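Below, each chain spelled out in residue letters.
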Amino acid sequence: MKKTTENKMVEFDQVMDNAISRRHFLRGGAIIFGASNFVISTGIAALTSKQAITHSYSQTSLLEFTEIASNTLDTVTVPKGFGWYTVMSWGDPLWSDGKSFNHTTGDAKSQALSFGDNNDGMDIFTRDGRTVLAVNNEYVNNLSMYHNRDSKLAENLDDVMKAKQAHGVSIVELERKNNKYSIVKDSLYNRKITADTPIEITGPARAHQLMKTKKDPTGTKSLGTWNNCGNGKTPWGTYLSCEENFNGYFSSSDKNLKLSKEFKRYGIKHEDSKKYAWGKYDERFDIALNPTEPNRAGYVVEIDPLNPKYTPKKRTALGRFKHENAEVVIAKNGHVVVYLGDDERGEYLYKFVSADKYSKYGNNSNLLEDGDLFVAKFDDNNTGIWLALTPETTGMSKAKICIYTRLAASKVGATTMDRPEWVAANPNKSEVYCALTNNKNRGIKPNKDGDATPINAVNPRMANKYGQIVRWMPKNSDHSDINFSWNLFALAGNPEVHKNDLKSGSENITKHNMFNSPDGLKFDSKGGLWIQTDGKYSNQGDFAGMGNNQMLLGDPNTGEIKRFLVGPKECEITGLTWSADKETMFVGIQHPGEKGNSHFPDKYGNVPRSSIVAIYRKDGGTIG
Ligand code: FEO
Ligand code: CA
Ligand code: CA
């Protein structure tokens with residue numbers, strides 16, 4: 001819809017409608033902005049002001065620190081009493097026959113022996129006192145990756161191979177020397193799982209006709225994983241790596257190829273999304289020659305980081321979409337529940353419930369091979385229900401539900417969401433949080449299959465610029481129950497720019513902690529909710545005062561949110577984990593200088609590099 005006067009009227013009407021529905025559910029005490037004490041006013045004027053949702057916080061903080069101001073510096077900023085250093089960056093060798101990073105000479109071989117680009121989700125695994133980090137390498141920045149090419153693009157097969165080796169999962173042993181963690185080169189645990197690594201296809205889609213290709217007529221063995229975004233960790237010690245924008249690597253040598261409904265829903269086009277050129281040099285990525293290859297991507301991949309010989313497994317039972325992360329909890333009845341977001345405008349939030357039960361001392365290695373998928377419906381009265389995706393409810397076979405999960409979800413009346421990013425479960429109580437990062441199409445246009453995206457209680461703002469964090473509480477504290485209640489933990493906004501409407505954000509958003517586009521969410525061991533952002537860093541207009549992307553700590557009990565870290569220019573903050581002793585917190589700095597305006601982590605001269613930084617307390621205490 002074009003921005004016309006008529007459109008502005010529609011927008012105005014919808015804001016008012018929203019205010020009214022807002023009053024409706026406020027009256028029921030149902031929408032709660034993170035706090036226990038509320039003053040709920042009536043009347044539309046009051047409803048559109050922040051006073052309508054005034055509450056007071058008890059000033060208890062999980063981690064004591066002095067909140068930092070926003071900034072636009074080209075460095076990492078942390079509160080007084082804390083320090084940071086770089087642990088590793090894109091191109092750092094993991095083996096001693098790798099070459100030290102040099103952006104003028106790097107090639108496929110040097111990249112194969114070094115840390116990948118754009119680090120994202122990560123977790124620590126320990127054995128016999130050794131520390132092994134598994135970390136996703138989501139995508140590559142052409143500007144940095146091909147800095148040695150005039151075109152700043154892949155120009156030949158080796159260039160494409162280089163990018164493929166920079167994608168996937170890096171598994172790296174770390175050691176702490178002189179109080180600093182660094183790479184253990186040549187560790188038996190060091191491993192690269194890239195866009196060309198053999199992977200086993202498991203679950204309901206395994207061996208289905210739609211999974212078979214010329215090179216794999218069995219439909220059971222795929223090559224590689226790419227665009228690995230968020231992650232998960234299972235209680236049985238495996239790492240889950242989530243394939244997100246997998247579609248953007250495919251292209252068609254036949255520009256007249258008719259794109260199927262399924263290709264369209266998943267965003268598979270004639271051109272790849274970033275001029276990666278994989279399809280030009282590897283026919284696996286050419287949909288004119290290999291139309292079923294895309295069906296083998298878009299899954300959650302399970303990896304045992306402590307077993308270097310483990311064949312990674314695509315867990316098709318967890319569905320195929322643009323997976324953000326995979327948050328694993330064990331329900332009261334022993335079934336494994338995995339919460340999963342599909343990060344696209346107007347797509348859905350899912351959960352998987354395993355067919356078999358977790359057993360602390362048993363064999364859990366195949367629990368993610370079979371189970372049921374559900375999709376969330378959020379009602380405006382602050383209750384919700386998980387709708388089962390079954391052959392009966394969708395008219396699709398179980399295999400097809402796992403391959404074309406988005407199409408299945410569209411059949412059951414679930415709620416289209418404002419881009420579900422990370423999901424995080426509170427370790428102290430049965431509640432789960434999801435970052436709904438933003439959605440410029442909310443209230444304006446439907447998703448790719450025409451599913452409507454009206455303003456509603458959980459996605460309350462038209463053309464949502466700032467994002468919100470929703471949390472839900474399963475009925476009877478049972479994660480396997482289909483019923484839940486929900487509320488908004490935070491509605492991000494700018495209370496300095498917008499005074500009297502929902503764009504000012506919820507009451508726990510102030511000029512001191514404001515941010516936009518919440519993305520990464522993770523709980524620490526004390527129950528603190530860490531919030532990482534991937535938003536607009538212009539520091540102007542609607543985003544004035546927000547500065548660079550950042551990381552904040554939220555208190556689920558009080559609603560308080562405090563800014564803890566600000567990243568360098570043009571980065572996003574993503575990926576978070578802790579050393580076993582909790583003295584070190586590892587934080588991902590992704591794509592610093594994505595537009596060319598950073599030298600992070602070096603001060604001058606070099607191309608910017610995605611990096612993992614370590615945060616520590618100067619008094620040697622624990623952090624999270
Ligand atoms: Fe890779 Fe939705 O973030
Ligand atoms: Ca993300
Ligand atoms: Ca994001």
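Notes on the structure in this doc start here. Throughout, a residue's number is its position along its own chain's written sequence, starting from 1. Chain letters start at A and ligand numbers start at 1, both assigned in the order the entries are written. With the structure being a predicted model, the display of local features is reserved for residues of pLDDT at least 70 and the display and counting of side-chain atom pairs for 80 or more, all residues being used for whole-chain, interface and lining totals. As a rule here, side-chain values come from all non-hydrogen atoms in the structure, and water together with hydrogens is ignored.

### Structural notes on the coordination of the calcium ion (ligand 3)
When a metal holds four donors in a tetrahedron, each ideal angle between them is 109.5 degrees; when it holds six in an octahedron, the ideal angles are 90 or 180 degrees.
Consideration 1: Distances from the calcium ion (ligand 3) to its protein donors, namely Glu421 (OE), Asp519 (OD) and Asp534 (OD), fall within the range 2.3 to 2.5 Å.
Consideration 2: All donors to the calcium ion (ligand 3) come from one chain, and their sequence spacing reads E-x97-D-x14-D.
Consideration 3: Ligating atoms shown are N, O and S within 2.8 Å of the metal, or 3.2 Å for Na, K and Ca, and water is not included, meaning a site may look less than complete. Separating the calcium ion (ligand 3) from the calcium ion (ligand 2) is a gap of 3.9 Å, which Glu421 spans by donating to each of them. Of the two residues, Asp519 sits in strand S26 (residues 518–523) while Asp534 sits in the loop between strand S27 (529–533) and strand S28 (550–554), which places them 15 residues apart along the sequence.
Consideration 4: Remark: exposure states derive from per-residue accessible area (1.4 Å probe, protein chains only) relative to the maximum for the residue type, with buried under 20%, exposed over 50%, and partly exposed in between. Residue classification places Asp519 among the buried residues on the basis of a relative accessible area of 3%.
Consideration 5: Judged by its relative accessible area of 25%, Asp534 is partly exposed. Helix numbering and strand numbering both begin at the N terminus, where a helix is a DSSP run of H or I of at least 4 residues and a strand a DSSP run of E of at least 2.

### Describing the pattern of salt bridges
Consideration 1: Between Lys or Arg on one side and Asp or Glu on the other, a salt bridge is scored when a side-chain nitrogen of the former is within 4 Å of a carboxyl oxygen of the latter. Applying the stated criterion across every chain yields a total of 38 salt bridges.
Consideration 2: When the shortest N-O distance is used, the salt bridge between Glu283 and Lys214 registers 3.6 Å. With a gap of 69 residues between them, Glu283 in the loop between helix H7 (278–281) and strand S13 (300–303) and Lys214 in the loop between strand S9 (198–202) and strand S10 (221–223) connect regions that are remote in the sequence.
Consideration 3: Classification of Glu283 by relative accessible area gives partly exposed; the value is 37%.

### Remarks on the sheet that holds strand S11 (residues 228–233)
Consideration 1: The pairing criterion for strands is at least two bridges between them, as found by DSSP. Taken in spatial order, the six strands of this open sheet run S10-S9-S14-S13-S12-S11, and their pairing is mixed. In this open sheet, the two edge strands, each paired with only one partner strand, are S10 and S11. Across this sheet, the average inter-strand angle for adjacent strands is 35°, counted without regard to direction.
Consideration 2: Bridge analysis of S11 against strand S12 (residues 239–243) gives four bridges, and the strand direction is antiparallel. Counted as the bridge partner of Asn228 is Glu243 from S12. Axes here refer to lines fitted to C-alpha atoms; in helices the fit is confined to the stretch in contact. Angles between the N-to-C directions go from 0 to 180 degrees.

### Let's talk about the coordination of the calcium ion (ligand 2)
Consideration 1: The calcium ion (ligand 2) binds to the protein through Glu324 (OE), Glu421 (OE), Asp519 (OD) and Asp519 (OD); the donor distances cover 2.3 to 2.8 Å.
Consideration 2: In primary-sequence terms, the residues that donate to the calcium ion (ligand 2) follow E-x96-E-x97-D.
Consideration 3: Given the relative accessible area of 1%, Glu324 is considered buried.

### Some words on the environment of Gly129
Consideration 1: Following the sequence through the fold, Gly129 ends up in the loop between strand S4 (119–127) and strand S5 (130–137).
Consideration 2: A C-alpha to C-alpha distance of 44 Å links Gly129 and Gly384, two positions 255 residues apart in sequence.

### Concerning the sheet that holds strand S29 (residues 561–566)
Consideration 1: Spatially, four strands are ordered S26-S27-S28-S29 in an open sheet, and the strand pairing comes out antiparallel. Single-partner strands in this sheet number two, and they are S26 and S29. Each adjacent strand pair in this sheet contributes to an overall mean axis angle of 25°, direction not counted.
Consideration 2: Where S27 and S28 come together, four bridges link them in antiparallel fashion. Bridge pairing in S28 places Gln532 opposite Met551.

### Some remarks on the environment of Leu257
Consideration 1: With respect to the element layout, Leu257 can be found in the loop between S12 and helix H6 (261–265).
Consideration 2: Here the alpha-carbon distance between Leu257 and Gly593, two residues 336 residues apart in the chain, equals 37 Å.
Consideration 3: Excluding residues that lie within four positions of it along the chain, Leu257 makes contacts with Ser252, His270, Ile287 and Ala288. Any two residues whose heavy atoms approach within 4.5 Å are treated as being in contact.

### Observations regarding the pairing of strand S22 (residues 420–425)
Taken residue by residue, a regular strand's side chains alternate between the two faces of the sheet.
Consideration 1: Among the six residues in S22, six count as buried, and that is most of the element.
Consideration 2: As paired elements, S22 and strand S23 (residues 432–436) share four bridges and run antiparallel to each other. Across the sheet, the residue bridging to Ala424 is Tyr433, located in S23.
Consideration 3: Between S22 and S23, which pair antiparallel one after the other, the connecting turn spans six residues.

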